[in-house]
Amino acid sequence: MHGVATSYNPSPDRTVAASATAVTLALAALGVDAETPGAVRDALAARERELAGRLLPPTVVGWGTGTPPALDALPEGTRLLVRTEQGETRVSAAGLPPGVHRVRATAPDGRTGEAHLIVAPPRLPAPPARSYGLLVQLYSLLSRRSWGMGDLADLGELAAWAGRALGAGFVQINPLHAAVPGTPTDPSPYRPSSRRFPDPVHLRIEDVPEFAYVPVGAGAGKAAEGGARPGDPMADLLRRAAELREAVLDRGALIDRDAVWATKKAALEAVVDGVPLGPGRHAAYCDFLAEQGQALEDHATWCALAEVHGPDWHGWPAGLRDPRSPETARARRELMARVDFHSRLAWLTDTQLRAAQHAAREAGMPLGIVHDLAVGVHPGGSDAWAQQDTLAAGMSVGAPPDAFNARGQDWGLPPWRPDRLAACGYAPFRALLRALFRYAGALRIDHVMGLFRLWWVPLGQPPTEGTYVRYDAEAMLAVLVLEASRAGAVVIGEDLGTVEPGVREALRARGVYGTSVLWFERAWEGDRRPLPPETWRADCLATVTTHDLPPTASRLTGEHVELRDGLGLLTRPLSEERAEAAADTAEWLDLLTELGLLHGPGGPGAGGAVTTEEEARVQAVHRYLLRTPARMIGVWLPDGVGDRRPQNLPGTWDEYPNWRLPIADARGRPMTLEDLTASPRLHALLDVVRTRTGRPAGGAVEP
């Protein structure tokens, strides 16, 4: 009755009862008392009365121009009054334009009901043509101008180069959501403070127009935060930035996000404090503030309060834990300068994000930048503070036990309450998508199955003691299709792992692409052999590997097994793991040879370089992708230069430097953006891919 599952299926032939504790606590998080048999009877009776008596559900969905089914099912003679998003008043729900409207129904017996009415196009259009693109974690892409980690100017440069010189259609990056501040900051881009607002750590400081006018001596008192030496503070910060960059590129240091942010923050404070905005820039900033409204004010207030009280709002003074309290309003006034500072950073970051997308489109990319939407937010962060009314207290999102992880997973992310989302017409989800589509040509949705259901784990319980809670997938998909269609953007769902029946079909029906990774495309229900390339689905982004998997060279050589063994992550003897990895590689190499895709070493590569055996094999698996009908082909950028190290090794925390590695060559030497674009090995791989994916290099499209 409330969408809380009492059992689940870890495999098609097996049903497992959900933990009674998890079911009870999940219901409690939805405001339902199920602690005793009497409470269960009362709650069930109350829910049945509510459903029987209501005329309309809180949110109604319509696809296209027809009347939504929920309105067609109303008693005969029911009168409708529709107030459209565009400001019209109608007495019929037929032929409504796309948007989120309000409908009021009055039945002949006098009952009334009101609902949000989401009208979306039936499906998203497909990408304009088959294309290939680069996949990269932005922080790992350092140029000789970045401040210790890749930034938005580096992204724009990569996109402009890949589009103009190599005919690439897109660049897919990691989530750029705002992180939770602190020392050390959680480096994972998938556990952010806010998904709605991006992180200013990605700013290219020199590209902020006011930076050029910072007076000498500005920033004094802030420079020490970046570890600067005495002297002109801004010059000291620039030297510190160079030291951070050189430490990573030339001395083998890990990317230090905290040090980068301390340096950039000091520089930005000097810019904001020392240089007023010109009239035109000030007007643009005011427009941004008005457009973002309460959400930006909340985010900037949280950032200002976190500087005073720490990054977890649960530990703040009681009055400040409520974003709408008088105490919070008073603190906002007292910290107005810092609230404005963080608002300004959000504007500057938004501006540079849109500039990167503009550069990609100007370079001829049909899609441009593919951004990534994390599945949730940090429980102590900005969104969790501002959206307490729509989040399930005491719950965390994760995954049930399965064949790949017998202990299940707990990601530490509070889930949205489906009932509260429906009651407000999915306003937080709509606002989130609209914000991201401002600067995205396409959006990858991490764990897209979360639009249908999420595994809720009660806090303090192991992941095995969780249960699924269902969302109104029809409404979630309608919001997604509506906002993506308004932006003219493509949507890619990360649908790897456990996917319940019907999910991929529902996504496909609405034009949402899936994700296909070469190593996982096997006949799991049959002989477990690799799927023939012609049997792959067309509506997907097809890749060889991802940020959570070993780079291709590492997998083909078996080095990924040695890495996991060295970290104590193997669950079987090393000899068994080695043998299985070797058999897997041999099977793939035999298939690639059989299909004529493995051309062997020694042939000429880009720039006249000789292709090694390893390069030939990496090229061959990408030729395999090109044999599939997939309309989007993704090339993991580190694969182009032989990088061995995964950016993230699931199951590790301090044991491995997740999210802190620069792109490196086959010997582990960091490579700059400039090195990458000149790499014969990368050019040879991309030459293989671009000859089979349509648009030639240099073919511009209208931005």
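Structure shown above.
As the structure is a prediction and not an experimental result, all values here were calculated from the model.

Focus: unusual backbone geometry
- Of note, the amide linkage connecting T183 to P184 takes the cis form, showing an omega dihedral of 0°.
- Relative to the helices and strands, P184 resides in the loop between β10 (177-178) and β11 (194-198).
- Of note in this structure, Y426 is not a glycine but carries a positive phi near 60°.
- With respect to the secondary-structure elements, Y426 resides in the loop between α11 (418-423) and α12 (427-436).
- Residue classification places Y426 among the buried residues on the basis of a relative accessible area of 2%.
- One non-glycine residue, R528, adopts positive backbone phi at about 65°.
- Assignment of secondary structure puts R528 in the loop between β19 (514-517) and β20 (540-543).

A few points about empty space enclosed by the protein
- Tallied over the full model, the rule gives 6 cavities of 30 Å³ or more.
- The space that makes up the largest cavity amounts to roughly 90 Å³.
- Along its surface, the largest cavity is lined by 14 residues, and P175, H177, P187, P189 and R257 are the ones closest to its centre.
- Taken together, the residues of the lining of the largest cavity break down into 8 nonpolar, 4 polar and 2 charged.
- The space that makes up the second largest cavity amounts to roughly 70 Å³.

Quick look at the pattern of salt bridges
- One pass over the structure, following the stated rule, counts 46 salt bridges.
- Its salt-bridge partner being E50, residue R47 comes within 3.2 Å of it at the nearest N-O pair. On the criterion of helical spacing, the pair formed by R47 and E50 is a turn pair, its members being 3 residues apart in helix α2 (residues 37-53).
- Looking at E50, the relative accessible area reads 42%, which means it is partly exposed.
- The salt bridge partner of D687 is R690, with a shortest N-O separation of 3.2 Å. Note that D687 and R690 are positioned in helix α20 (residues 680-690) at a spacing of 3 residues, about one turn of the helix.
- What emerges from the salt-bridge pattern is a single network uniting E85, R434, E483 and R486.

Focus: the sheet that holds strand β9 (residues 170-172)
- Across the sheet, 8 strands lie side by side as β18-β15-β12-β9-β8-β21-β20-β19; this open sheet has parallel pairing. The sheet terminates laterally at β18 (490-493) and β19, the two strands that pair on one side only. Here the average twist between neighbouring strands, direction ignored, is 25°.
- Pairing geometry for strand β15 (residues 442-445) and β18, over 4 bridges, is parallel. Directly across from I445, in β18, lies its bridge partner G493.

A few points about a nonpolar patch on the surface
- Together, M1, L44 and L51 make up an exposed nonpolar region whose accessible area comes to about 260 Å².
- Checked against the element boundaries, L51 lands in helix α2.
- Residue L51 is classed as partly exposed on the basis of its relative accessible area of 32%.

Reading guide: rules and limits
Residues numbered from 1 in each chain as written. Predicted model: local features only at pLDDT ≥ 70, side-chain atom pairs only at ≥ 80, totals over all residues. Heavy atoms only, no water. Helix = DSSP H or I, 4+ residues; strand = E, 2+ residues; numbered from the N terminus. Buried < 20%, exposed > 50% of the residue type's maximum accessible area, 1.4 Å probe, protein only. 1 Å grid on protein atoms, 1.4 Å probe; cavity = no way out; pocket = protein on both sides within 12 Å on 5 of 7 lines; lining within 4 Å. Points joined across faces, edges and corners; volume = space filled by probe spheres on them. Nonpolar A, V, L, I, M, F, W, Y, C, P; charged D, E, K, R; others polar. Salt bridge = Lys/Arg side-chain N within 4 Å of Asp/Glu carboxyl O. Pairing = 2+ DSSP bridges. Axes fitted to C-alpha atoms, helices over the stretch in contact; angles between N-to-C directions. Patch = residues over 30% accessible without salt bridge, like charges linked within 9 Å, V, L, I, M, F, W, Y side chains within 5 Å. Areas by Shrake-Rupley, 256 points an atom, 1.4 Å probe, with all protein chains shown as cover.

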